[in-house]
Amino acid sequence: ALAGDAEAPPEERVFALEAIFELAPEESFAELKEVAEAAKSSKSEPVEAAALPLFARTNPEAAAGDLALLVGRKLSPELRKATALAWGEVAKSDRRAAITALEPMIADPSPEVRAAAARAFGNTGRASQTKLIKMVKTQRFDVALGAAYGLANSAKVGASSSVAVGGIYSLWKRKGKPRRRAAEV
């Protein structure tokens, strides 16, 4: 109710949308379609950004069309990050379109966008693993961590788990915080 309430404060709607995205079971997606669609049309950019990935998870076919309209437009880093995560959800049903959209996002100037795009790119499967391994090895820590999560996602959708683990191991070889975070992945 809070996520779809246009009268609620934006911060609370963002919190609700992010929680739903992370925790909602697949059986509830049909009920969440309307909430996600209404929230993505919000005038508040943070609410729209929080709603895009949820909308793509609950209705990937419709989201693919909406996301395709955003390609090439000037968006804030927050919306580019949300768009990348949404394409990751679309990748589960339309890998080719997602690959085409996510490849330029992996080279985005914003490290937050690159990290989100790498995480989402993993949902395209085997096609992503080589690039993600290179990112784990060469990118700054936050982007490398996103790439490690992308490798884990690639294994979830059926790509080689040994290749994914090998790439995540590259993060493990770093000392301190990267090692601890690699263990989380």
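None of these values were measured; they are calculated from a predicted model.

This paragraph deals with the pattern of salt bridges. Going through the model one piece at a time under the given rule, you end up with seven salt bridges. A salt bridge links Glu 89 to Lys 92, with the shortest nitrogen-to-oxygen separation between them at 3.1 Å. Measuring nitrogen to oxygen at the nearest pair gives 3.0 Å for the salt bridge that ties Glu 184 to Arg 181. Residue Glu 184 and its partner Arg 181 are located together in helix 11 (residues 177–184), separated by three residues, close to a single helical turn. Bridged by salt links that share partners, the residues Arg 57, Glu 89 and Lys 92 form one connected network.

Turning our attention to the environment of Thr 130. Topologically, Thr 130 is positioned in helix 8 (residues 126–138). Separated by 48 residues in sequence, Thr 130 and Ala 82 place their C-alpha atoms 24 Å apart.

Turning next to the nonpolar core. Counting residues in hydrophobic clusters, the biggest one holds 53 residues, and the most contacted among them are Leu 17, Leu 67, Trp 87 and Leu 102. With residues up to four places along the chain from it excluded, the contact list for Leu 102 reads Ala 84, Trp 87, Gly 88, Ala 117, Ala 120 and Phe 121.

Once that is clear, we can look at the packing of helix 7 (residues 111–121) against helix 8. For the pair helix 7 and helix 8, the least separation of the axes is 10 Å and the interaxial angle reads 145 degrees. As helix 7 runs across helix 8, the sense of the crossing is left-handed. When helix 7 is examined against helix 8, the residues Arg 114, Ala 118 and Phe 121 are found in contact with a partner set consisting of Ser 128, Lys 131, Leu 132 and Met 135. For the contact of helix 7 with helix 8, a count of residues per class yields four nonpolar, one polar and two charged.

Considering the arrangement of structural elements, one finds Lys 40 in helix 2 (residues 29–40). Relative accessible area serves as the criterion here: at 17%, Lys 40 is assigned to the buried category. Excluding its chain neighbours within four sequence positions, the residues that come into contact with Lys 40 are Glu 48, Ala 51, Leu 52, Phe 55 and Asp 66.

Let's shift gears to the packing of aromatic side chains. Inspection of the entire model under this criterion finds zero aromatic pairs. In this structure, Lys 40 packs its charged tip against the face of Phe 55, placed 4.9 Å from the ring centre. Above the ring of Phe 21, the side-chain terminus of Arg 57 is found at 3.9 Å from the ring centroid.

Calculation criteria
For every chain, the first residue of the written sequence is number 1, and numbering continues from 1 along that sequence. Reporting of local features is limited, given that this is a predicted model, to residues whose pLDDT is at least 70; pairs of side-chain atoms are given and counted only at 80 or more, and all residues count toward the totals for whole chains, interfaces and linings. Each side-chain value is worked out from all heavy atoms of the structure, with water and hydrogens disregarded. Note on definitions: salt bridges are taken to be side-chain nitrogens of Lys or Arg within 4 Å of carboxyl oxygens of Asp or Glu. Helix and strand definitions here come from DSSP, where helices need a minimum of 4 consecutive H or I residues and strands a minimum of 2 consecutive E residues; each element is numbered from the N-terminal end. Think of a nonpolar core as a cluster: buried Ala, Val, Leu, Ile, Met, Phe, Trp, Tyr and Cys residues, connected wherever their side-chain atoms sit within 4.5 Å. Exposed residues in this analysis have more than 50% of their type's maximum accessible area, buried residues have under 20%, and partly exposed residues fall in between, with area computed by a 1.4 Å probe over protein chains only. We call two residues in contact when some of their heavy atoms are within 4.5 Å. Lines fitted to C-alpha atoms define the axes, with helix axes restricted to the stretch in contact, and inter-axis angles between N-to-C directions lie between 0 and 180 degrees. A clockwise turn of the near helix away from the far one marks a right-handed crossing, whereas an anticlockwise turn of less than a right angle marks a left-handed crossing. Nonpolar residues are Ala, Val, Leu, Ile, Met, Phe, Trp, Tyr, Cys and Pro. Charged residues are Asp, Glu, Lys and Arg, and all others, Gly as well, are polar. Pairs were defined over the aromatic rings of Phe, Tyr and Trp, the Trp ring being its six-membered one, requiring ring centres within 6.5 Å. Orientation was assigned from the angle between planes: stacked under 30 degrees, edge-to-face over 60, tilted for the rest. Should the NZ of a Lys or the CZ of an Arg lie within 6 Å of a ring centre and within 35 degrees of the ring normal, that charge is described as sitting over the ring.

Structural measurements only, silent on function.
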